[in-house]
Amino acid sequence: MKKLIFHKSADILKIIVQEVERDQISFLLNLLNTNELVEINFLNIQCIPDSIVIALQKIKYNLKIITNENTLKSYLIDLGFTVKLLQKHVNKIKTLNLEYLALAGSAGSLKKFIKIIENLPASNISIFIIMHHKSDEKSSLSKILQSKTKYYKVVEATSDMCIETKTIYTAPPGKHMIVAGGFIFLTNEEKRNFSRPSISTTFESLSNEYKNNLLAVLVCGYGSDGSDSLKLLQENKTTVLVEDPTECDAKQMLENAIKTKNYDSILKIDEISNYINYFLNSDLFTKDDIQVLLYKIYDKYGYDYTGYNLEHIIRRVKLFYSTLKPKSFLEFQNIILRDKNIFKDLFLNISVNVTTFFRNPEVFKKLKEEILPKLDSFLDIKVWCAGCSSGEEAYSIAIFLKELGLLDRSLIYATDLNEVILRNATNGIYSKTNYKQFLKNYYQADGSESFSNYFKDFGDFVQIKEEIKERILFFRHNLVEDSKINDFQLIFCRNVIIYFDKELKDNIFSLFHKSLDNYGFLVLGESESLDNHDKFLTIDKNNKIYKRKI
């Protein structure tokens, strides 16, 4: 038991876990079956099995958890645990992956928005602006901002508008602006904080959608709109910047936000502009530098990112560069190649893992009504969920197969490149906070049962029941390098290939074509398309559903 050390004193049981192996799990579970105070240290462990998570939940109020792995910390905090992080190395990486920007304010905020927008470099981010207006007046905000930028299209948001890159969306007067599933929705719900549009409402929907890919900025104004949303933003690991109130005549909104203590930094408007631009500029290194680094990563660690979209890679690498503060890119490269722990953090950021149960419910509704029933003619049904991330999509497919009476003769292959996220997916454990969104999506997708029937409830989190889990095989598969793994009637691969270049996409589509049964279906993400492809027929253009050409 060299990798599991425990010490029992009069008032506390201290446990140090350095590996979680099968022969140690039962021993550890026995230690955790106690009414005593417990301090447990997980060292160099990025994920733990579901049996341990459930055991920890039973003693949650007598428990102190410590880890030196940010991945495990984030996983456990999401499940309702309190976790202390031990720093493994200096300048621990802060997970701001700037792909979406929200700017919000009230009185006096327009000139602050202009300051930020006119200094923005060209990039692929999407920007959302919420400014209080009188509901009966027409807004000229989008026209004003369009005159201040040559890199971005500026539009006043309308309902059912698909979110695009290089675009600035302004909230119209008298409407709440909500983002969900990659689309904008406008509502006439009651005013919130005496405001419509409400900053809080938009901030919350953006943060729930984009998590740590979002930067939220609050500038000057009166009232307290925005403040009551900041706790959720921090829980979602959304970075929050508040303008320094000393710069504003209308400072009440900022002072109320600061009182919450739920923000990352208080900065002057020039500093906010520089902060944003730092993560959008790529002049710290060249594309050739990145290509060399990717080849070296492949040689050292066996992960091939050479076909990934370079702009996506650059955003992730810049995050590390800004926190490690190397003297040169060569030094940065040497750090990545020398320290496997730092590389793991880099890998986990490059591998985007954003998903939820029944994401884009209209796709799953179509799937249940028209696609899955066609599989009834097969004796054995095989589904491939490629790029399955933390498992929600694979479990969603399994739930609808069960409701159609097909699950008992179905097997779902759920694959991903990220081994850590696969182990968490195998656990099938999800936050009760996120469960509310799961439930909403399920019924919008035309779910026909009580959604709670598919889960075991443990208080702060839920776990998928075994009858669903046992029909899914989670394992590592590299879409770039690995070959065909079976013949499938349905392949799901959503929002994965958008990060690949054209040559790599063509190779992957060829793999999917070889892997599909003659009458098999392929479902892609909302930002991906196979229209007019010579190997696939378009079944549903809006929902990105295709069929293999024979």
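Residues numbered from 1 in each chain as written. Predicted model: local features only at pLDDT ≥ 70, side-chain atom pairs only at ≥ 80, totals over all residues. Heavy atoms only, no water.

1. Here we look at the overall build of the protein chain
Within the protein chain, the regular secondary structure consists of 19 helices and 25 strands. In summary, the protein chain has a C-alpha radius of gyration of 24 Å against a globular reference of 24 Å for 550 residues, a match within 12%. Projected onto its principal axes, the C-alpha positions of the protein chain cover 70 × 65 × 50 Å. By the burial criterion, 56% of the 550 residues in the protein chain qualify as buried. Put simply, of all contacts in the protein chain between residues at least 6 apart along the chain, 69% involve residues at least 24 apart. Element-wise, carbon and sulfur atoms account for 47% of the exposed surface of the protein chain, whose accessible area totals about 24,100 Å². When the 73 basic and 70 acidic side-chain charges of the protein chain are each reduced to a single mean position, those positions are 2 Å apart. (Helix = DSSP H or I, 4+ residues; strand = E, 2+ residues; numbered from the N terminus. Rg over C-alpha atoms; globule rule 2.2 N^0.38 Å. Buried < 20%, exposed > 50% of the residue type's maximum accessible area, 1.4 Å probe, protein only. Contact = heavy atoms within 4.5 Å. Areas by Shrake-Rupley, 256 points an atom, 1.4 Å probe, with all protein chains shown as cover. Lys, Arg positive; Asp, Glu negative; His and termini not counted. Charge placed at Lys NZ, Arg CZ, Asp CG, Glu CD.)

2. Observations concerning the packing of aromatic side chains
The full count for this structure, using the stated rule, is 33 aromatic pairs. Taking the ring centre of Phe-400 as reference, the NZ or CZ of Lys-368 above it sits at 4.7 Å. (Phe/Tyr/Trp six-rings, centres within 6.5 Å; stacked < 30°, edge-to-face > 60°. Lys NZ or Arg CZ within 6 Å of the ring centre and 35° of its normal.)

3. Considerations on the pattern of salt bridges
Per the counting criterion, the structure on display carries 19 salt bridges. Between Glu-243 and Lys-112 there is a salt bridge whose closest N-O contact spans 2.6 Å. In this pair, Glu-243 sits in strand β14 (residues 239–243) while Lys-112 sits in helix α4 (residues 110–118), placing the two residues 131 residues apart along the sequence. A salt bridge links Arg-192 to Asp-228, with the nearest nitrogen and oxygen atoms 3.3 Å apart. (Salt bridge = Lys/Arg side-chain N within 4 Å of Asp/Glu carboxyl O.)

4. Thoughts on the sheet that holds strand β9 (residues 161–162)
A sheet is described by the order of its strands in space; here three strands give the open sequence β9-β12-β11, paired in antiparallel fashion. For this open sheet the edge positions go to β9 and β11 (176–180), each flanked by a neighbour on one side alone. Relative to strand β12 (residues 183–187), β11 is paired through five bridges, and the arrangement is antiparallel. Considered in β12, the bridge of Ile-178 is made with Phe-185. (Pairing = 2+ DSSP bridges.)

5. Comments concerning the pairing of strand β10 (residues 167–170)
By the alternation rule, side chains of β10 split into Thr-167 and Tyr-169 and Ile-168 and Thr-170, which are all buried. In this sheet, β10 lies alongside strand β7 (residues 126–131) in parallel orientation, the contact comprising four bridges. In the sheet register, Phe-128 faces β10, and the bridge partner there is Tyr-169. As paired strands, strand β8 (residues 153–156) and β10 are joined by four bridges and run parallel to one another. Considered in β10, the bridge of Val-154 is made with Ile-168.

6. What to know about the packing of helix α1 (residues 22–32) against helix α2 (residues 50–58)
The geometry of α1 relative to α2 is characterised by a closest axis approach of 10 Å and an angle of 5° between their N-to-C directions. As far as their axial angle goes, α2 and α1 are roughly parallel. Judged by residue contacts, Ile-25, Leu-28, Leu-29 and Leu-32 of α1 engage Ser-51, Ile-52, Ala-55 and Leu-56 from α2. Residues belonging to the contact of α1 with α2 are distributed by class as follows: seven nonpolar, one polar and no charged. (Axes fitted to C-alpha atoms, helices over the stretch in contact; angles between N-to-C directions. Parallel < 35°, antiparallel > 145°, perpendicular 65-115°, else oblique. Nonpolar A, V, L, I, M, F, W, Y, C, P; charged D, E, K, R; others polar.)

None of this, on its own, says anything about what the molecule does.
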